[in-house]
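# A look at the structure
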Amino acid sequence: MKFLFLATNQVGRGRMNELLRLIKSIKQQDNKDHTIALHVLLQGTATTPVELSEFTNVNFYPNPEFVGLSKARNLLLERIEIAEDDLILFPDDDCWYPAQFISCIASLIREKKPDLAVWRFSIKAQVPSELRFTRMSGAQALRTACSIAFVIRGAILNRIGPFDENLGLGTEIGGGEDTDYAFRAFSVAGCSLVSEHELVFHRSIKDSIEERSKYWKANMYLAIRYFGPAIFALTLYRLFGGLFLLLRGHIDLSTFIQPFRTAARG
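Residues numbered from 1 in each chain as written. Predicted model: local features only at pLDDT ≥ 70, side-chain atom pairs only at ≥ 80, totals over all residues. Heavy atoms only, no water.

To continue, consider the pattern of salt bridges. The final tally for this structure, using the stated rule, is nine salt bridges. The salt bridge partner of Glu-196 is Arg-120, with a shortest N-O separation of 3.2 Å. Remark: Arg-120 occurs in strand E5 (residues 116–122) and Glu-196 occurs in strand E8 (residues 192–201); sequence separation between them is 76 residues. A relative accessible area of 55% places Glu-196 in the exposed class. One connected set of salt bridges, linked through shared partners, spans Asp-164, Asp-180, Arg-184 and Arg-225. (Salt bridge = Lys/Arg side-chain N within 4 Å of Asp/Glu carboxyl O. Helix = DSSP H or I, 4+ residues; strand = E, 2+ residues; numbered from the N terminus. Buried < 20%, exposed > 50% of the residue type's maximum accessible area, 1.4 Å probe, protein only.)

Okay, here's the thing in structure tokens:
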């Protein structure tokens, strides 16, 4: 069983300590019964920084240009040969893993054989003594999937293609690239599982008006893009949520219209 971690870091923009923490948390994982490989795209540099020189078993890919997250992940995917049975994860450089994380996920893969598994993240993450996963619905895939908190089998990754570079930070939609990727994986996966366990360390995104306003446009766009019976209720919820934000002045009319305009262009 082989686990591939694909991460990216913008060198010189103040996240080197976070990247070091991520690397060390992956190196501490038990690898007696499986193989672990870490691939990191280093943006904004032509060489590997000296701080990373001790990690001789990590694959670093210097990239002089700064690019968006979707593009960065696609550049890694272009460089790495992924087998059908490989298990791929996409950590952010500022998240990290509990010591028993890989052993826990490896047990899940052996027992349940999912093509896609999704969980939660929190600053208080921990691996429970008993791991509980259930079958995931399309609505759950659109509502909960986040790239730092899922694992995808290589056979599925090779079928769905790259991340959508028209989504994410810097685009007119401003986000949603990881949820879009997970939903496309769910759409072709034979078995998709979800858990409420918080298995990855990362700051929690508070369910505040500010956060809901920031991510509503991307969330609404994805609900329109993949609209169907399975996500009908979720689509209505997001539509009325957007109307609430609009009427309360948390988003403007242009923001409210944008996901519908983008979806109409196809």
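Additional details are given in the paragraphs that follow.
This part takes up helix H9 (residues 253–265). With 13 residues, H9 should cover 18 Å at 1.5 Å per step; its first-to-last C-alpha distance of 18 Å lies within 8% of that length. Approximately 30 degrees is the largest bend angle found in H9, and it occurs at Pro-259. Within H9, burial applies to Phe-256, Gln-258, Pro-259 and Thr-262. Of the surrounding elements, those touching the buried residues of H9 are helix H7 (209–225) and helix H8 (232–247). Phi for Gly-266, located one or two positions after H9, is positive at around 80 degrees. (Expected span 1.5 Å × (residues − 1). Bend = angle between axes of the 7 residues up to and from the residue. Contact = heavy atoms within 4.5 Å.)

Time to look at the packing of aromatic side chains. Here the structure, examined in full by the defined rule, presents 13 aromatic pairs. Ring centres of Phe-183 and Tyr-226 lie 4.6 Å apart, and the angle between their planes is 40 degrees; this geometry places the pair in the tilted category. With Phe-183 in helix H6 (residues 177–188) and Tyr-226 in the loop between H7 and H8, the pair connects residues that are 43 residues apart, well separated along the chain. The pair Phe-183 / Tyr-226 is uniform in exposure class, with both members buried. Among the aromatic residues, those joined into a cluster by ring pairs are Phe-5, Tyr-97, Phe-101 and Trp-119. Its guanidinium or amino end placed over the ring of Trp-96, Arg-21 lies 3.6 Å from that ring's centre, counting from NZ or CZ. (Phe/Tyr/Trp six-rings, centres within 6.5 Å; stacked < 30°, edge-to-face > 60°. Lys NZ or Arg CZ within 6 Å of the ring centre and 35° of its normal.)

Another point: the packing of H7 against H9. The interhelical angle for the contact between H7 and H9, taken along N-to-C directions, is 30 degrees, at an axis separation of 9 Å. The hand of the H7/H9 crossing is right-handed. Seen from H7, the contacting residues are Trp-216, Lys-217, Met-220, Tyr-221 and Ile-224; seen from H9, they are Thr-255, Phe-256, Gln-258, Pro-259, Phe-260, Thr-262 and Ala-263. The residue makeup of the contact of H7 with H9, split by class, is eight nonpolar, three polar and one charged. (Axes fitted to C-alpha atoms, helices over the stretch in contact; angles between N-to-C directions. Left-handed = near helix turned anticlockwise from the far one by under 90°. Nonpolar A, V, L, I, M, F, W, Y, C, P; charged D, E, K, R; others polar.)

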